[in-house]
Structure formats: C-alpha cells, structure tokens
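Okay, here's what each chain looks like letter by letter:
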There are 2 protein chains.
Amino acid sequence: MKLTLLFGGASFEHEISIVSAITVMQKLSGFTLDFVFCDQDHSFYRIEASQMKAKFFSSGDYKKSPRLHVTRGGFEQRGLLGTKRLEGTVLSLIHGGDGEDGSISALLDFYDIAYIGPRKEAAMLSFDKAYTKWLAASVGVKTLPCEVLSRGELPGMEYPIIIKPARLGSSIGVSVVKEAHELSYALDVAFEFDERVVIEPFIAGVKEYNLAGYKGAGGMVYSIVEEPQKQEFLDFDKKYRDFSRSERAGAAAIDEALRKRLQRAFDALYTPLFEGALIRCDFFVIEGEVYLNEINPIPGSLAHYLFEDFSACVRDLCAHLPRPKRPRVSYQYIHSINQAKGK
Amino acid sequence: MKLTLLFGGASFEHEISIVSAITVMQKLSGFTLDFVFCDQDHSFYRIEASQMKAKFFSSGDYKKSPRLHVTRGGFEQRGLLGTKRLEGTVLSLIHGGDGEDGSISALLDFYDIAYIGPRKEAAMLSFDKAYTKWLAASVGVKTLPCEVLSRGELPGMEYPIIIKPARLGSSIGVSVVKEAHELSYALDVAFEFDERVVIEPFIAGVKEYNLAGYKGAGGMVYSIVEEPQKQEFLDFDKKYRDFSRSERAGAAAIDEALRKRLQRAFDALYTPLFEGALIRCDFFVIEGEVYLNEINPIPGSLAHYLFEDFSACVRDLCAHLPRPKRPRVSYQYIHSINQAKGK
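Residues numbered from 1 in each chain as written. Chains lettered and ligands numbered in written order. Predicted model: local features only at pLDDT ≥ 70, side-chain atom pairs only at ≥ 80, totals over all residues. Heavy atoms only, no water.

Colleague: Looking at this structure, how should I read the environment of Gly250(A)?
Modeller: Residues and elements named next belong to chain A. Locating Gly-250 in the fold gives a position in the loop between helix H7 (236-243) and helix H8 (256-270). C-alpha separation for the pair Gly-250 and Asn-210, spaced 40 residues apart in sequence, amounts to 11 Å. Ignoring anything within four residues of it in the chain, the contact list for Gly-250 reads Ile-224, Val-225 and Glu-226. (Helix = DSSP H or I, 4+ residues; strand = E, 2+ residues; numbered from the N terminus. Contact = heavy atoms within 4.5 Å.)

Structural data, given as structure tokens:
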C-alpha cells in the first residue's frame, strides 16, 4: 500500500512536524512510503527516505530535493524526461497552522487528493480553543468555563488561571498564572502567538486522560487510555520530546465505566465531523465528571504509541476515507433563462 | 487598479456565480479587469471580457480558453512563449460551496494571493447555519431557536417551521412546513442537499432587513438598509434573478435608532472575523428585537445595489486587506537537540 507522509508547514509547529514524521515513518510497516515536505514558504519537496533526518531540513539541504506541484489527484514531479506523480494516500502530519487549521485539508480536497486527516471544518473547529468549546457544548460534552480576550482586555476569573493563545497547539505560549503580578507577562507571551487568548481556571493536580481513535471498517476504534506524565503542564520542550515518542504507552489504571464514558464523549465529538482522521482527545476528570480539554486533530506522531498495531490502524483508515461530494452542474437555470429570452 | 474576478466553483450555486460575475463586471468602473473561471472539475480558465456571457459557460465553450494554474502570488498562464501572470487582487464571487465554505480562501491564502472575500474561518462559520448561531451567540447577537437534524430524526418544534439544509445558500432546498403531512417531503428535499438540516420556527410576515458592509480605510462602511421584496421567502428562481440585480435598491423606511442597532449587530459579527470581505447580513426584527437570520459572506453580485459608489468601496477594500501572518521558522529546537547530541 502506497502512502505519502506530508509534513512541515508554515507554523510555529514546523519543527515538531519534522520530528513527528521521522517518528511515524519508523512505526509504519507494510507501506511503500513517499515523503513530501512543505517548507515555510509553502513550496513542496520530494524527500528520499534516507534524507529523513532533522538536520537535512534545518540546514536547508532539502532545497536541493525535487520540487513538487499540487495537481488534480496528486503531487507531481516535473522533469525533463516527463512527469512523475505520487499516487499514495496522503497522511498529513502538519501540526499547528496549515495542517490543523484546515488549510492543507482544503487544498487536498480541492485537488481531489485522498488523505488521512481532519476535513477542513473539523480542523478549524478544533484548532481554535473557543470554537472547540462551542462544538463540545453542541454534542453535550463538558468543557471548563472560559473567557476569550483580545489585546488590552483583562480576565475576570479568580486565580489560579491558565492562559493559552486561542489557536496554537503544543503548549506554545501557555502560562499558569497564580497571582496578579504574573498576569501581565503571561498575557504578553500569549499575545505574541495569537490575537485572541483563552483563559480557564487552572486546577492543580487534575486527573488527565488521553484517548485516541478513528472510524474504520468496523466502526469506531479506540486506543488505550493514557494518563499522561504529570507535570504542572507540558511546556513546549517537553511536548517536543513527546512528538518523538517511540515507546508504547501504558494504559491508565481506570475502571471500565470511566473508560466507556471517555469513549462515549470521544464518539460524540468525533462522529461524523472527524471521519477520515485519527485524532486524540485530552480529557480532564473532575469530581467524577468528564471534561474535554482539547482535541488534537493531528496528534504528535499520530499517537502511534497508544495503539497496539498502528500500521493496521493506518491501513484501516486508508480504506475508509470520506471523499468530497461535488454536485454536478447542469446549467438548467442558464438554459431556461436563455430559452425564455429566445436565445 | 487591477482586479481579477473569480467565479464558478463546484457547487449548487455555480450558475448563480456566473450570473453574479457578469453583473458585477458591469458595475465596476476604473479597474483593469481579468476574469478567472473555476469549472466544476476545479480547473481554472482565463476568460476574455467579451466572452463573459452565461451561454459561453453553459455550452462548454469556456474549455477552449487558456488554462490557468494557481501558483505562489497569482494565477499563471503557461504558453510556448513563456508564462503570464495575473497580478490583480482577486475578488471572489464563488458563492456556496468552494467559495463560501472557505476552500477558495484557504487556497488563495496558501498561495499568498491577495483577495477580497471572507478568510477561511469566517467563511466556514457563516456557511453552516448551525455554526452561524454559535458565532452570533458568542458576540451577543440573537438568532431564532433551532434544531439540527440528521437523516431519520424528526423536529420537535411546533408548526409552522422552516426547514433548511445546514450548508447551502440561495434558498436551495428550503421549505416552509405548516402542517405535519408536508413534513416528510420537505425533509427529503432538504436532505438531498446536506446531511444536516436546520429547523427554525417560521414567522409569517416577519420584518426583514438586509445590511451590507465592510471595513475600509476609515473603519466600518455600511450600505443602506434594504427591506427585501416580501414573499413568503425567496425561492431559488427568485434568488437567481436577485443575483443579476442591476438597479440600486431603495432604503427601508426605518428610524435612525433601528438603523444604528442593525449596524451595531453587524459590527459585532463582522469585526475582526470578516475583515477583508464585503458581506451582507440579513436580519429579522421581531417585537422590536434584532435577530440575525443569515450572513452572506459573498453576497449575490456583492450587494453592489446597496452602495452608492460600489467601485469606490471595492477600491477601499483592496487597499485594506488582511494578509496572513506566517511565523518564520528558526530551527532552534532542532539545532539545540543536535547540539545536545554533539552533532
């Protein structure tokens, strides 16, 4: 089975996308892989498997690779001796902007290229932390209360609070503020990354559970539930290492009833909006209630470490991708108007 | 000033987009215009001004026109004698799918092409009637109560109700249901066009007011308020004619206080999400309260008929378009990891 790993993108998460792709390639077996790198100028390059090393990109060496063009049905490599086309389903590993904001999805759908990843609506709603709360509320999944601030506005919530740029993943720009004097710096940091900032109560020691899944041939497939390593929260450096995780995770010690409740919340959020994607939902459990913290529509290294047979999951997904439905244009209105005019 | 009218698209509103473009070209003065047609297969063609007639498209004659390719910075026409590039700002007139769902916006932003039109988030939120209600609620603008149904589900609301596909404009698939026996057919019609259907109470004789506007050099610019021609609601045939309106509309007989309230609601919805676009908001006024009915992020013929000097508005908008901000990638994390490894 042919598969094209797409990674890079013009975003703050460009580098972790490279790390993620290098990790995922090592976890996929039974595929013929191609590698497509999107650089920060939105040029696409075809990368050899042997060149899939972080330094190849950070050094700029990738620019010597063949350029690719997005055309109907696939990426195309043009040369003096003709045109080659990458035929595999695309597996999008572009985290953050471009990938998780729906741009790449819109591009791939527009050009009729099959891909594993969130469709554009799903990406855009989960990329923005305020929109995610609207989505969760509409399907009956709880989230923490929040305030959305623009520059110059101040939160009204009691401390401690957590401050997040509305539209970034990987903990970039996130701070916990416990006292008033820490506020101004934390807001400055968050506003460096976005024009809108989300404020939530910060609950120390909250139970956190991560669950990944997708819809395959036999319906929903869920990963194990992981209780992520406890730190106050994962900062960018730690998350960065998280994207290169290679070991399988251990399952959280939770009872069957909670596992089912997490799965039901996941299903409510996933179906049908996220069909075609393997996503990870991060939940809090507070006083016995399940709260959605965030949806990762393209989780780091595609959360391979939560699945027993990751390659089988990707094969299953490839065979069950939604394809855009396009109405055929009949020109019946223009015809009827022309007839009415006697043309 | 150079301007490229982009129209067509793979959607149920393909034909009205053609009509819209033909109307708008006649209303623009002082521009050097190019015309780019997106056909239902997502191929782009460069159209001569003299060919801008509905029949040129419905007959398929457009296929003899030069093909265009989307490349960084603009549409490109490749020929034996070299490559020509269209340099003007794009004015997107692709209504419905592709245009109003954010696909074309994502494509133009990805390739760094300046355009008048909603950015992808704005398009996607206003294209879906359920998401529009979330947006309105978040900025304190009222909407009618609604139910969102999937196939097989039945409304719980009292009759009369109005049934709309969640994601179509131009009244396609919309029905008013006054009695239970009309329900099943109306749902079938709506589900032909979308997998989700929105149900609202139908209020006969409700006051409806349309207001268009955009953000230009001097802040918000509002059109006159129009009270659209009263019919139970505009069906597709009537809307179709609406897209080819060429006469200026008359201002509704409303007092200054109501005009200001409509403008305030418009501003709350528009800023900052819709910056770069000229949109039309359709409001209801019920018992003295303003309700948003829908947002048209690319209104038919760009609502030129509501503005005194439409060409001046387009020039103003062209000079005040938001441009995507892209973070520069420093590779500092990959560098620091390689240093730690001693590479």
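Colleague: I tried to follow the sheet that holds strand S8 (residues 115-116) of chain A on my own but got confused; where do I start?
Modeller: The strands that make up a sheet pair up through hydrogen bonds in the backbone, lying either parallel or antiparallel. Residue and element names in this part refer to chain A. Read from one edge of the open sheet, eight strands run S6-S5-S4-S3-S2-S1-S7-S8, paired in mixed fashion. Since the sheet does not close on itself, it has two edges, and those belong to strand S6 (82-85) and S8, each with one partner. Where helix H1 (residues 14-27) meets the sheet, its contacts fall on strand S1 (2-8), strand S2 (32-38) and strand S7 (89-92), and the angle it forms with S1 comes to roughly 155°. (Pairing = 2+ DSSP bridges. Axes fitted to C-alpha atoms, helices over the stretch in contact; angles between N-to-C directions.)

Colleague: Even after reading the chapter, I still don't get the relation of the copies chain B and chain A, so can you show me in this structure?
Modeller: Once chain B has been moved 0.0 Å along the axis and rotated by 180°, it coincides with chain A to within an RMSD of 0.0 Å. Put plainly, the chains are arranged around a two-fold axis. In this assembly the copies share their binding face: 100% of the residues contributing to the interface of chain B also contribute to that of chain A. (Least-squares fit on C-alpha atoms with pLDDT ≥ 70 in both.)

Colleague: Explanation requested: the pattern of salt bridges in the structure shown.
Modeller: Between side chains of opposite charge, pairing is possible as soon as their charged atoms come close. With the rule as written, the count across this model stands at 38 salt bridges over all chains. Between Lys64(B) and Asp61(B) there is a salt bridge, and its shortest N-O distance comes to 3.6 Å. As a salt-bridge pair, Asp112(B) and Arg323(B) come within 3.9 Å of each other at their nearest N and O atoms. Remark: Arg323(B) occurs in the loop between helix H9 (310-318) and helix H10 (332-340) and Asp112(B) occurs in the loop between helix H3 (103-110) and strand S8 (115-116); sequence separation between them is 211 residues. The class for Asp112(B) is partly exposed, based on a relative accessible area of 22%. Each member of the salt-bridge network shares a partner with another, and the members are Asp128(A), Arg167(A), Asp194(A) and Arg196(A). (Salt bridge = Lys/Arg side-chain N within 4 Å of Asp/Glu carboxyl O. Buried < 20%, exposed > 50% of the residue type's maximum accessible area, 1.4 Å probe, protein only.)

Colleague: Before we go on, may I ask you to explain the packing of helix H3 (residues 103-110) of chain A against H3(B) in this structure?
Modeller: Relative placement of two packed helices is described by the angle separating their axes and the distance separating the axes. Relative to each other, H3(A) and H3(B) sit at 105°, their axes nearing to 8 Å. By the angle between their directions, the pair H3(A) and H3(B) is classed as roughly perpendicular. In this structure, H3(A) uses Ser103(A), Ile104(A), Ala106(A), Leu107(A) and Phe110(A) to contact H3(B), whose residues at the interface are Ser103(B), Ile104(B), Ala106(B), Leu107(B) and Phe110(B). Classifying every residue of the contact of H3(A) with H3(B) by side-chain character gives eight nonpolar, two polar and no charged. (Parallel < 35°, antiparallel > 145°, perpendicular 65-115°, else oblique. Nonpolar A, V, L, I, M, F, W, Y, C, P; charged D, E, K, R; others polar.)

Colleague: Sorry, what's going on with the sheet that holds strand S9 (residues 142-143) of chain A here?
Modeller: Residue and element names in this part refer to chain A. Here we have five strands laid out as an open sheet, ordered S9-S17-S16-S14-S15, and mixed in their pairing. Looking along the sheet, the strands with just one partner apiece sit at the ends: S9 and strand S15 (219-226). In this sheet, strand S17 (residues 289-296) lies alongside strand S16 (residues 279-286) in antiparallel orientation, the contact comprising seven bridges. Of the residues in S17, the one forming a bridge with Arg-280 is Asn-296. The sheet strands contacting H8 are strand S14 (207-216), S15, S16 and S17, and the helix crosses S14 at an angle near 55°.

Colleague: Please explain the pairing of strand S13 (residues 196-201) of chain B as it appears in this structure.
Modeller: Side-chain positions along a regular strand alternate between the two faces of the sheet. Residue and element names in this part refer to chain B. Of all six residues making up S13, five are buried, and the element is well covered by its neighbours. The sheet contact formed by strand S11 (residues 161-165) and S13 spans five bridges and is antiparallel. Residue pairing across strands places Ile-162 opposite Glu-200, the latter belonging to S13.

Colleague: Before we go on, may I ask you to explain H8(A) in this structure?
Modeller: Given 3.6 residues per turn, any residue in an α-helix points the same way as the ones three and four places further on. Residue and element names in this part refer to chain A. Given a rise of 1.5 Å per residue, 15 residues ought to cover 21 Å, and the 21 Å separating the end C-alpha atoms of H8 matches this to within 8%. Within H8, the full set of buried residues consists of Leu-258, Leu-262, Gln-263, Ala-265, Phe-266, Leu-269 and Tyr-270. Considered in projection along H8, the buried side chains sweep an arc of 160° and stay on one side of the axis. (Expected span 1.5 Å × (residues − 1). Arc of directions from axis to C-beta.)

Colleague: Sorry if this is basic, but what is going on with the interface of chain B and chain A here?
Modeller: How large an interface is tends to be reported as the accessible area lost when its parts come together. Counting residues at the interface gives 55 residues for chain B, matched by 55 residues for chain A. Carbon and sulfur atoms make up 63% of the area that chain B and chain A hide from each other, which totals about 5,200 Å². At the boundary of chain B and chain A, one finds two salt bridges. Taking the shortest distance from any N to any O, the salt bridge between Asp101(A) and Lys120(B) comes out at 3.5 Å. When residues of the side of chain B that touches chain A are traced back to their parent elements, those giving at least two are helix H1 (14-27), strand S2 (32-38), helix H2 (54-58), H3, helix H4 (120-127), helix H5 (129-138), helix H7 (236-243) and H10 of chain B. Its residues assigned to classes, the side of chain B that touches chain A shows 29 nonpolar, 11 polar and 15 charged. (Buried area = accessible area lost by both parts, 1.4 Å probe.)

Colleague: In this structure, what is going on with the environment of Arg280(A)? I would like to understand it.
Modeller: Residue and element names in this part refer to chain A. Mapped onto the secondary structure, Arg-280 falls in strand S16. We classify Arg-280 as buried; its relative accessible area is 6%. A C-alpha to C-alpha distance of 10 Å links Arg-280 and Tyr-209, two positions 71 residues apart in sequence. Those residues in contact with Arg-280 that sit more than four places away from it in its chain are Asn-210, Leu-211, Ala-212, Glu-294, Ile-295, Asn-296, Pro-299, Ala-303, Tyr-305 and Leu-306.

Colleague: How do you make sense of the packing of H4(B) against H5(B) when you look at a structure like this?
Modeller: All names here are of chain B. Where H4 contacts H5, the two axes come as close as 5 Å, and the packing angle between them is 110°. When the axes of H4 and H5 are compared, the pair comes out roughly perpendicular. For the pair H4 and H5, contact is made by Met-124, Leu-125, Ser-126 and Phe-127 and by Lys-129, Tyr-131 and Thr-132, respectively. Of the residues assigned to the contact of H4 with H5, the class counts are four nonpolar, two polar and one charged.

Colleague: What is the right way to look at the domain arrangement of chain A in this model?
Modeller: Split by domain assignment, chain A resolves into domain 1 (2-123), domain 2 (145-201) and domain 3 (204-318). Its C-alpha centre places domain 1 of chain A at a distance of 33 Å from the equivalent point of domain 2 of chain A. (Domains from an automatic or database assignment.)

Colleague: Looking at this structure, I do not really get the packing of aromatic side chains. What am I missing?
Modeller: The geometry of an aromatic ring pair is captured by two quantities: the separation of the ring centres and the angle between the planes. Scanning the model with the defined rule gives 32 aromatic pairs over all chains in all. Pairing Phe37(B) with Phe57(B) gives two aromatic rings, centres 4.6 Å apart and planes at 50°, and the pair type is tilted. Pair noted here: Phe37(B) is in strand S2 and Phe57(B) is in helix H2, with a separation of 20 residues, a long-range link. Both residues of the pair, Phe37(B) and Phe57(B), belong to the buried class. Ring centres of Tyr131(B) and Trp134(B) lie 4.9 Å apart, and the angle between their planes is 40°; on these two criteria the pair is classed as tilted. Note that Tyr131(B) and Trp134(B) are positioned in helix H5 at a spacing of three residues, about one turn of the helix. Accessibility expressed as a relative area gives 5% for Tyr131(B), which makes it buried. Taken together, the ring pairs connect Phe7(A), Phe37(A), Tyr45(A), Phe56(A), Phe57(A) and Tyr62(A) into an aromatic cluster. Here the guanidinium or amino end of Arg119(A) rests over the ring plane of Tyr115(A), the centre of that ring lying 3.8 Å away. (Phe/Tyr/Trp six-rings, centres within 6.5 Å; stacked < 30°, edge-to-face > 60°. Lys NZ or Arg CZ within 6 Å of the ring centre and 35° of its normal.)

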